[in-house]
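The chain contents come next:
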Amino acid sequence: MEGNAMEKVMWLVLGVTIIAASLRADRSRRARLVARVALGVLFLVFGAMVNVVYLIKDWDSFAPFGEMSQFAFVRDAWASLVVPNTGLFIGLLIAGEATAGILVLSGGRLMQVGLVLLMAFHLGLLFFGWWLWLYAVPMIGALTLLLRAERRTTHTGMSGTDDRGRVTRRAGAVPMPGGRW
């Protein structure tokens, strides 16, 4: 399978997993964990890391993305601002995706911050083509459900943080890459 096609399949599989898990997140610690891990993998691996590869392999592959927008101001801004400064803007995108992925994997209050960042990211996607609405709108709904479930569990002591807000294994946190807590 071609790299780009595999990436799209993984976004679909992980996206469906996140949406399905978010529907049960209020009632199931396992569903919250599945959604958290799927979001972390989605944004760390198939977001940040894939964009690093694209940036290294084909710098110009980012230019057509802005051309798909239904809004002239987005197409013009992309062509005049982002394309000439691809390294800077895609570097910021990569940093944002990696940060959000790490925050989500951290659990507790850090996860809540990551979820809000991801909601903003998905709202931004709505400006880049009607077809992205098919992905972004359900994801915004899923992220909202996850945030609500995480806030409720934080108040009841069932999140990845203890009663002082520290991320701990006992509280159900997912380890960071490299096995650190």
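You'll find the structure just up there.
Residues numbered from 1 in each chain as written. Predicted model: local features only at pLDDT ≥ 70, side-chain atom pairs only at ≥ 80, totals over all residues. Heavy atoms only, no water.

## As for helix H4 (residues 72-82)
Phase 1 of the analysis: What H4 keeps buried is the set Val74, Trp78 and Val82. All buried residues of H4 lie within an arc of 35° about the axis, which places them on one face of the element. For H4, exposure combined with an orientation more than 90 degrees from the buried face picks out Phe73, Asp76 and Ser80.
Phase 2 of the analysis: Those residues of H4 hidden inside the fold are in contact with helix H3 (63-67) and helix H5 (86-106). (Buried < 20%, exposed > 50% of the residue type's maximum accessible area, 1.4 Å probe, protein only. Helix = DSSP H or I, 4+ residues; strand = E, 2+ residues; numbered from the N terminus. Arc of directions from axis to C-beta. Contact = heavy atoms within 4.5 Å.)

## Thoughts on the packing of aromatic side chains
Phase 1 of the analysis: Scanning the entire structure with this criterion turns up nine aromatic pairs.
Phase 2 of the analysis: When the centroid spacing of 6.3 Å and the interplanar angle of 70° are considered together, the rings of Phe73 and Phe127 count as edge-to-face. Here Phe127 lies in the loop between helix H6 (108-125) and helix H7 (130-156) and Phe73 lies in helix H4, a separation of 54 residues in the sequence.
Phase 3 of the analysis: Classification of Phe127 as partly exposed rests on a relative accessible area of 38%.
Phase 4 of the analysis: Both rings, one in Trp78 and one in Phe128, keep their centres 5.4 Å apart while their planes meet at 75°; by these two values the pair is edge-to-face. Of this pair, Trp78 sits in helix H4 while Phe128 sits in the loop between H6 and H7, and the two are 50 residues apart along the sequence. (Phe/Tyr/Trp six-rings, centres within 6.5 Å; stacked < 30°, edge-to-face > 60°.)

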